[in-house]
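# What the coordinates show
What follows is the residue order along each chain.
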Amino acid sequence: MTVRTQAPPAPARTAGTAGPDRGPDRGLDPEELDGLRTVPARHPWRWAAGAAALVVLVQFLHGLATNPAWDWATFRLYFTADTILQAIGRTLELTAYGTLLGFALGAVVAAMRLSRSAILQTLAWAYVWVFRSIPLIVQLVFWFNLSYLYKRFGFGIPFGPTFGEFETVGVLGALGAAVLGLGLHQAAFAAEIIRGGVIAVDAGQREAAAALGIPRGRQAWRIVLPQAMRGILPAAANEVISLLKGTSVVYVMAIGELFYQAQVIYGRTGRVVPLLMVATVWYVVLTTVLSIGQYYVERYFSRGARRTPPPTPLQRLRTFLRTLPNRTAGGRS
């Protein structure tokens, strides 16, 4: 007895499937590809949204140029005035002092939070909780009036005799109170930024370093910190920029920074809008300079993560200008 078997049906041929005269990976023949027409994808709503955004931008720029209420003549008069330039110097001074004090103290608080001591962890957590909860302007007014609470400060044995005293008013003036308030406020945020960058480093890095017998201090300085900086820098730069703009709050202490000086001038001249634009443009310029510095610092610390760092905007511009003749010649041919 014989058993007949039915052969399975041949699979249906589709576009790109190899036929009897083609290999398994050849796909369509060149003759078939020549007959196909490439149709680019169209995005009408994307173009419409872009056109609408450009129209709004052009209208805004047209209003800036033609509306006489902006008073650009007064803006040009005071933009580089000596009082404004001196106020910019005071703003940068407050930013520098607040940044140095804030991140130095923030590093200590972050180390306390990362320590194995429950007391240090609790104290550091309480510091961050308090100074992040109180608004900056409230802290500045409080430190400005510290001499009302404590007339004198002294050095000596705790709860015992003092060896030296000084008056609070003579040491902690308006500028000192502003720097102290900005630094203590900044330290609470800097501590969390530093702590977040450190704990983001893989624990295996420290374990491998410990297995090699590397001391803990060298582990932190040569292994953990360079890797943590890649996570710390973006948030830290944002905090510095926020501190630069936050110095405008010290106007309540009558310190001659940028915003306070603009207020003084438009209070005397009555030209509110152009003087506000002077302060606005200078804040934009200073923030842009800090952002450029942030880019290059981040690029420096990204060397360990990338074999070849991405080109800078200046390098891209040079490459574009160098290849521009070739592109022009290719387009003409």
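Residues numbered from 1 in each chain as written. Predicted model: local features only at pLDDT ≥ 70, side-chain atom pairs only at ≥ 80, totals over all residues. Heavy atoms only, no water.

## Points about the overall build of the chain
In plain terms, the rule: The way it works is that DSSP assigns letters per residue, a run of H or I at least four long becomes a helix, a run of E at least two long becomes a strand, and they are numbered from the N terminus. Note on classification: 1.4 Å probe, protein chains only; a residue is buried when its accessible area is under 20% of the maximum for its type, exposed when over 50%, partly exposed between these limits.
Looking only at helices and strands, one finds 14 helices and 2 strands in the chain. When the 333 residues of the chain are sorted by exposure, 28% land in the buried category.

## Remarks on the UniProt feature "transmembrane region" (unreviewed entry) in the chain
The cut-off we apply is this: UniProt positions are given in the numbering used here, feature names are shortened, and annotations may be inferred rather than shown by experiment.
According to UniProt, the positions carrying the feature "transmembrane region" (unreviewed entry) are residues 47-65, 94-112, 124-146, 166-185, 248-266 and 272-297. The span residues 47-65 shows a helical share of 100% and a strand share of 0%, and its end C-alpha atoms are spaced 27 Å apart. Structurally, residues 248-266 comprises 47% helix and 0% strand, and the distance from its first C-alpha atom to its last is 16 Å.

## Focus on a nonpolar patch on the surface
What counts, and what does not: Each patch is built from residues lacking any salt bridge and having more than 30% relative accessible area; the joining distance is 9 Å for like charges and 5 Å for nonpolar side chains (Val, Leu, Ile, Met, Phe, Trp, Tyr). Note on areas: Shrake-Rupley, 1.4 Å probe, and residue coverage restricted to the protein chains presented here. The rule for a salt bridge is simple: a side-chain nitrogen of Lys or Arg has to be within 4 Å of a carboxyl oxygen of Asp or Glu.
Among the surface-exposed residues, Trp-125, Trp-129, Val-130, Ile-134, Ile-137, Val-138, Val-141, Tyr-251 and Val-252 lie close enough to one another that they form a single nonpolar patch of about 760 Å² accessible area. Of all the secondary structure elements, the ones that give two or more residues to the nonpolar patch are helix 5 (118-133) and helix 6 (136-144). Mapping Trp-129 onto the fold places it in helix 5.

## Brief notes about helix 12 (residues 258-269)
Convention followed: The length a helix should cover is 1.5 Å for every residue beyond the first. By arc we mean the arc of the directions from the helix axis to the C-beta atoms, nothing more. Whether two residues are in contact is decided by their heavy atoms, any of which lying within 4.5 Å being enough. Contacts described as polar in this section are N or O atom pairs within 3.5 Å, which, within protein, must combine one atom able to donate a hydrogen with one able to accept it, while residues neighboring in sequence count only if both atoms come from side chains.
Here helix 12 contains 12 residues, and its C-alpha end-to-end distance of 17 Å stays within 8% of the 16 Å for a straight helix at 1.5 Å per residue. All of the buried residues in helix 12 are Leu-258, Gln-261, Ala-262, Ile-265 and Tyr-266. The arc enclosing the buried residues of helix 12, seen along the axis, measures out at 125°, which places them on a common side. Those residues of helix 12 that are exposed and aimed more than 90 degrees away from the buried face are Gly-267 and Arg-268. Packing partners of the buried residues in helix 12 comprise helix 3 (72-79), helix 4 (82-114) and helix 13 (272-301). By the N-cap criterion, in which a side-chain oxygen at the helix start approaches the backbone nitrogen of a residue two or three places on, helix 12 is capped by Glu-257, the distance to Phe-259 being 3.0 Å.

## Points about the nonpolar core
Definition in use: Here, the term nonpolar core denotes a set of buried Ala, Val, Leu, Ile, Met, Phe, Trp, Tyr and Cys residues that are joined through side-chain atoms within 4.5 Å.
Leu-94, Tyr-127, Leu-182, Ile-232, Val-250 and Met-253 are the most contacted members of the largest nonpolar core, which has 36 residues in total. Elements with a contribution of two residues or more to this core: helix 4, helix 5, helix 6, helix 9 (174-199) and helix 11 (216-246). Other than its neighbours up to four places away in sequence, Met-253 contacts Leu-140, Phe-144, Ala-174, Ala-177 and Ala-178. Among the nonpolar cores identified, the runner-up in size contains 18 residues, and Tyr-78, Leu-244, Leu-258 and Val-278 belong to it.

## Some remarks on the side chain of Gln-186
Secondary-structure assignment places Gln-186 in helix 9. The class of Gln-186 is buried, set by a relative accessible area of 3%. Leave out the neighbours within four places in its chain, and Gln-186 touches Gly-98, Gly-102, Phe-103, Glu-239, Val-240 and Leu-243.

## As for unusual backbone geometry
At Asp-71, a position not held by glycine, the phi torsion is positive, near 55°. Judged by relative accessible area, Asp-71 falls into the buried class, the value being 15%.

## A few points about the packing of aromatic side chains
Where two aromatic rings form a pair, the distance of their centres and the angle of their planes describe that pair. Short version of the rule: Geometry of aromatic contacts follows a simple scheme: Phe, Tyr and Trp rings, the Trp one being its six-membered ring, pair when their centres are within 6.5 Å, and the pair is stacked under 30 degrees between planes, edge-to-face over 60, tilted otherwise.
Within this structure, the stated rule accounts for 9 aromatic pairs. Aromatic side chains Tyr-251 and Phe-259 sit 5.7 Å apart centroid to centroid with 85° between the ring planes, which places their arrangement in the edge-to-face category. Of the residues examined, Phe-259 reaches a relative accessible area of 21% and is grouped as partly exposed. Taken together, a centroid distance of 5.3 Å and an interplanar angle of 85° make the contact between Tyr-295 and Tyr-296 edge-to-face. The exposure class assigned to Tyr-295 is partly exposed, which follows from its relative accessible area of 29%. The rings of Trp-70, Trp-72, Phe-75, Phe-79 and Trp-282 are connected pair by pair, giving a single aromatic cluster.

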